[in-house]
Amino acid sequence: MPEGVGYGPQNTASTGLSLNYIGGHAYAHSGAIDVDNNATTIIEGNTGAHYIVSEITCNAAEDLSAEYMFLIYLDNVQVMGIQTENDSNIANRYKMIIPPFSNLKITAQNVSNTSSNGMCAVVTGKVYGKVD
């Protein structure tokens, strides 16, 4: 397990909105989260003493007729963003290095109306540096 970051509940690898670690890999699976016209955090977590070479996927969990904005932040600085088109359920993938001791946050927001739809994000990555 990476130095400075613990496992989830009961000292086991877990699912949920935060970053999780299994050996030399990191992941987060948001599941479908209802998102309306308010920016909603769908993943947020902190890294340990090592960096992560990651792939982040953001997409709708259902068919929709609205446009959504996904924003990715590192330490409260927006580093990436994409706006989906109506009726588009194509996964949007980003590759990025997540630095040590950083906060990763992904938000989603309906930017075309006030309806609520299921949005999701997945983070997967390889942890580099000494892995305990």
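Figured I'd write up the structure that's included with this text. Note that the coordinates shown come from a computational prediction; the quantities given were computed from them, not determined experimentally.

Thresholds, definitions, all that
- Residues numbered from 1 in each chain as written.
- Predicted model: local features only at pLDDT ≥ 70, side-chain atom pairs only at ≥ 80, totals over all residues.
- Heavy atoms only, no water.
- Pairing = 2+ DSSP bridges.
- Helix = DSSP H or I, 4+ residues; strand = E, 2+ residues; numbered from the N terminus.
- Axes fitted to C-alpha atoms, helices over the stretch in contact; angles between N-to-C directions.
- Buried < 20%, exposed > 50% of the residue type's maximum accessible area, 1.4 Å probe, protein only.

**Quick notes on the sheet that holds strand β4 (residues 40-46)**
Here comes step 1: Taken in spatial order, the four strands of this open sheet run β4-β9-β6-β7, and their pairing is antiparallel. Each end of this open sheet is capped by a strand with a single partner; those strands are β4 and β7 (77-83). The mean inter-strand angle of the sheet, taken between neighbouring strand axes irrespective of direction, is 15 degrees.
Here comes step 2: Pairing analysis gives six bridges linking β4 to strand β9 (residues 103-110), with the strands arranged antiparallel. Looking at the pairing, Thr41 lines up with Thr107 of β9.

**Digging into the pairing of strand β5 (residues 51-60)**
Here comes step 1: β5 sits mainly inside the fold: seven of its 10 residues count as buried.
Here comes step 2: Looking at chain direction, β5 and strand β10 (residues 117-128) are connected through 10 bridges and run antiparallel. Its bridge partner lying in β10, Ser54 is registered against Gly125.
Here comes step 3: Direction of pairing for β5 relative to strand β8 (residues 92-98): antiparallel, over a ladder of seven bridges. In the sheet register, Ser54 faces β8, and the bridge partner there is Met96.

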